[in-house]
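# Observations on chain architecture
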Amino acid sequence: MLKREEYISDEAVVKRVNAAVKIELEKKKAMDIPAVVYDRKTQIIYHENSDGTRVEIGKRMR
């Protein structure tokens, strides 16, 4: 069991998650694999290609 001193802060978790997502998106771009992205403003889900083009694949259901 982890002791209280061994836990990492919420800020550290968020920082690590953001870094992991950024790395994964860069990896997909380098391998020319489309990434699935969600646009919060328009609430539309896209396949984003390595050249920056987007293809709509769905909308938010709520």
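Scroll up to find the structure.
Okay, so let's go over this structure. This structure is a prediction, so every number in the text was calculated from the model and none was measured.

Turning to the overall build of the chain, a few remarks are in order. Scanning the chain for helices and strands turns up one helix and three strands. The N-to-C order of helical and strand elements in the chain reads α-β-β-β. Radius of gyration (C-alpha) of the chain: 16 Å, far over the 11 Å computed for a compact globule of 62 residues. Of the contacts made within the chain by residues no fewer than 6 positions apart, 0% connect residues no fewer than 24 positions apart. For the chain, the accessible area works out to roughly 5900 Å², and carbon and sulfur atoms hold 55% of it. Distance between charge centres in the chain, computed from 14 positive and 11 negative side chains, equals 4 Å.

The next thing to look at is a nonpolar patch on the surface. Taken together, the side chains of I8, V13, V17, V21 and L25 present a nonpolar region at the surface, about 380 Å² in accessible area. Inspection of the secondary structure puts V21 in helix 1 (residues 10–30). Here V21 falls in the partly exposed class, since its relative accessible area comes to 45%.

Here strand 1 (residues 35–39) shows one buried face, formed by A35, V37 and D39, and one open face, formed by V36 and Y38. Hairpin connection, strand 1 to strand 2 (residues 44–48): the antiparallel pair is bridged by four residues, and Q43 has positive phi, about 60°.

This part takes up the layout of surface pockets. Of the voids in this model, the largest pocket is the one considered here, and its volume is about 160 Å³. In terms of lining residues, the largest pocket is bounded by L25, E26, K28, K29, I33, A35, V37, E48, N49, S50 and G52. Secondary-structure elements contributing two or more residues to the lining of the largest pocket are helix 1 and strand 1. Here the lining of the largest pocket gets four residues from one element, more than from any other, and that element is helix 1.

Rules and cut-offs
Residues numbered from 1 in each chain as written. Predicted model: local features only at pLDDT ≥ 70, side-chain atom pairs only at ≥ 80, totals over all residues. Heavy atoms only, no water. Helix = DSSP H or I, 4+ residues; strand = E, 2+ residues; numbered from the N terminus. Rg over C-alpha atoms; globule rule 2.2 N^0.38 Å. Contact = heavy atoms within 4.5 Å. Areas by Shrake-Rupley, 256 points an atom, 1.4 Å probe, with all protein chains shown as cover. Lys, Arg positive; Asp, Glu negative; His and termini not counted. Charge placed at Lys NZ, Arg CZ, Asp CG, Glu CD. Patch = residues over 30% accessible without salt bridge, like charges linked within 9 Å, V, L, I, M, F, W, Y side chains within 5 Å. Salt bridge = Lys/Arg side-chain N within 4 Å of Asp/Glu carboxyl O. Buried < 20%, exposed > 50% of the residue type's maximum accessible area, 1.4 Å probe, protein only. Pairing = 2+ DSSP bridges. 1 Å grid on protein atoms, 1.4 Å probe; cavity = no way out; pocket = protein on both sides within 12 Å on 5 of 7 lines; lining within 4 Å. Points joined across faces, edges and corners; volume = space filled by probe spheres on them.

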